[in-house]
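# Observations on the model geometry
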Amino acid sequence: MRTILFGICMLFAFSVCAQRPCASSDYTTFQQSNDPSVREQLNRVEAFIRSQQFASRMTGIEGEETIIRIPVVVHVLYNTAAQNISDAQVKSQIDALNRDFRRNNADTVNTPARFRSLAADIKIEFALAKADPKGRATTGIVRKQSSVKEWKMDDKIKFTAQGGDDAWDSRSYLNIWVGPMRSLLGYASYVGGPADKDGIVINTTAFGTVNVAAPYHLGRTAVHEVGHWLGLKHIWGDTYCGDDAVGDTPKQGNFTPGCPSTFRSSCSNGTDGDMYMNYMDFTDDACVNLFTNGQKARMLALFNAGGPRHAILSSKGLHEPWVEEAPPAEEPQAVVPAAVRLYPNPAVSELVLNFDTDASWIGKSVSIVNQHGVVLMTGRVCAAAHRMNLSSLKPGMYFVLAENGEQKIREKFIKL
């Protein structure tokens, strides 16, 4: 019976048997089963990485390292208001990525002495995009309410037509989709895969360091998945004593559950033992703290000329926006009350203006104006959750204007 249970755990690494249900390897395996060309693409990427590492060894010159900065867009998909995570939570995840990829994490002191010389500053940083693919200003956060209650490892979260949100140009942005999931914490696309599916998916309950419960409260689920997005494998090679294609990570029998604190050894790895504190194991957030120099070389190889991540070096996503948007003719002085929410945004046919329990807005006038301040629609708030039909509007940017005598509202939305 023990053997059977062990086999089930190995086969379904994202099931309850594992402590960090990451489905990236299962995702890639599934894609290969549906499309034989996927294996060819993986082999091409692997050959490219190996050629870059070989060239580096031959020259013996690493050159001056520069910091690679990656523009990020976070697609927040929510079914309930509680799943519409805050900007602070999103930004906390970006901070966590930078903390761990630059090895500025305070728990570097927990890296065992035998591995400290191998631990690496990856020299990669992440930032929320300033400009979208069309050059318009953006916060780097896209929010969308969806009728989907739980997302699966089927990529539907990545497509507007299936209730999710379409990817931004993956040659220029790291797409991160965040939404409620049942059986896993996240998964990553494989390097060199379809552009419209490229990026990582993270469960709402494991994203960032704000309002997230232990043991996945330090943002390291995304650190793990971005590692996959940059070509890293699970440290045990996804098979017993497997190969993760990194020379300085010891062979390891399997994933590591929970948060061990003692020496563990498998696969005859001797005095080194298991590197279960590596970000690419399944160990809890509080007990992982390093990438290695070998993993660094593998990730950075992807950005070399001809590599699958090279184009992102030319991204304009972190530039100042180059397409200006004119403000409304009249600028209200008061800010939008915190209790007022617009959704979905972007909207297709209907926009909900939610005043929650503030009855003072019922009966008041509400208008939709274009970016030049021209009033296109007017109406009266008839309910705490007031619905506005947008079918007469052309795609573009608009503003909702309203006032109740004491407060004024100006809220931007996009009509698709």
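### A few points about unusual backbone geometry
- That bond from Ala 214 to Pro 215 is cis: its omega, 15°, falls within 30 degrees of zero.
- With respect to the helices, strands and loops of the structure, Pro 215 is situated in the loop between strand E6 (200-203) and helix H5 (220-229).
- Omega for the bond connecting Tyr 343 with Pro 344 falls within 30 degrees of zero, at -10°, which places this linkage in the cis form.
- Structurally, Pro 344 can be placed in the loop between strand E7 (341-343) and strand E8 (350-354).
- Phi is positive for Asn 211, close to 60°, though the residue is something other than glycine.
- On the secondary structure map, Asn 211 appears in the loop between E6 and H5.
- In this model, Cys 267 sits at a positive phi of 55°, which is unusual for a non-glycine residue.
- For Cys 267, the location among the structural elements is in the loop between H5 and helix H6 (293-301).

### Points about the packing of aromatic side chains
- Applying the stated criterion to the full structure yields nine aromatic pairs.
- Among the aromatic residues, those joined into a cluster by ring pairs are Phe 101, Phe 126, Tyr 279 and Phe 291.
- One cation-aromatic arrangement involves Arg 309 over Trp 229; the distance from NZ or CZ to the ring centre is 3.9 Å.
- Above the face of the Trp 322 ring, Lys 316 is positioned so that its terminal group lies 5.6 Å from the ring centre.

### A word on the confidence of the model for the protein
- With 89% of its residues at a pLDDT of at least 70, the protein reaches an overall mean of 87.
- Low pLDDT, under 50, characterises residues 326-338; the stretch is placed with 25 contacts to residues that sit more than four places away or in other chains.

### Describing the packing of helix H4 (residues 87-101) against H5
- Two numbers describe how H4 lies on H5: the axes approach to 9 Å, and their chain directions differ by 60°. Relative to H5, H4 is oriented oblique. Considering only the axes of H4 and H5, their crossing is right-handed. Contacts from Gln 93, Ala 96, Leu 97, Arg 99, Asp 100 and Phe 101 of H4 reach H5 at Arg 220, Ala 222, Val 223, Val 226 and Gly 227.

### Remarks on the sheet that holds E8
- Reading across from one edge, E7-E8-E11 is the order of the three strands in this open sheet, with antiparallel pairing throughout. Of all the strands in the sheet, the pair left with one neighbour each is E7 and strand E11 (385-389). Going across the sheet, the axis of each strand differs from the next one's by a mean of 20°, ignoring polarity.
- Of the strand pairs in this sheet, E7 and E8 are connected by three bridges, and their pairing is antiparallel. Its bridge partner lying in E8, Arg 341 is registered against Asn 354.

### A short note on the environment of Tyr 173
- In this fold, Tyr 173 is placed in the loop between strand E3 (141-145) and strand E4 (174-179).
- Take Tyr 173: its relative accessible area is 3%, and that puts it in the buried class.
- Separated by 45 residues in sequence, Tyr 173 and Leu 128 place their C-alpha atoms 9.4 Å apart.
- If sequence neighbours within four positions are ignored, Tyr 173 has contacts with Pro 71, Val 73, Ala 129, Ala 131, Asp 132, Pro 133, Trp 168, Ile 312 and Gly 317.
- In terms of polar contacts, Tyr 173 uses its side chain to reach the backbone carbonyl oxygen of Asp 132, at 3.2 Å.

Conventions we followed
- Residues numbered from 1 in each chain as written.
- Predicted model: local features only at pLDDT ≥ 70, side-chain atom pairs only at ≥ 80, totals over all residues.
- Heavy atoms only, no water.
- Helix = DSSP H or I, 4+ residues; strand = E, 2+ residues; numbered from the N terminus.
- Phe/Tyr/Trp six-rings, centres within 6.5 Å; stacked < 30°, edge-to-face > 60°.
- Lys NZ or Arg CZ within 6 Å of the ring centre and 35° of its normal.
- pLDDT = per-residue confidence, 0-100.
- Contact = heavy atoms within 4.5 Å.
- Axes fitted to C-alpha atoms, helices over the stretch in contact; angles between N-to-C directions.
- Parallel < 35°, antiparallel > 145°, perpendicular 65-115°, else oblique.
- Left-handed = near helix turned anticlockwise from the far one by under 90°.
- Pairing = 2+ DSSP bridges.
- Buried < 20%, exposed > 50% of the residue type's maximum accessible area, 1.4 Å probe, protein only.
- Polar contact = N/O pair within 3.5 Å; in protein donor to acceptor, adjacent residues only side chain to side chain.

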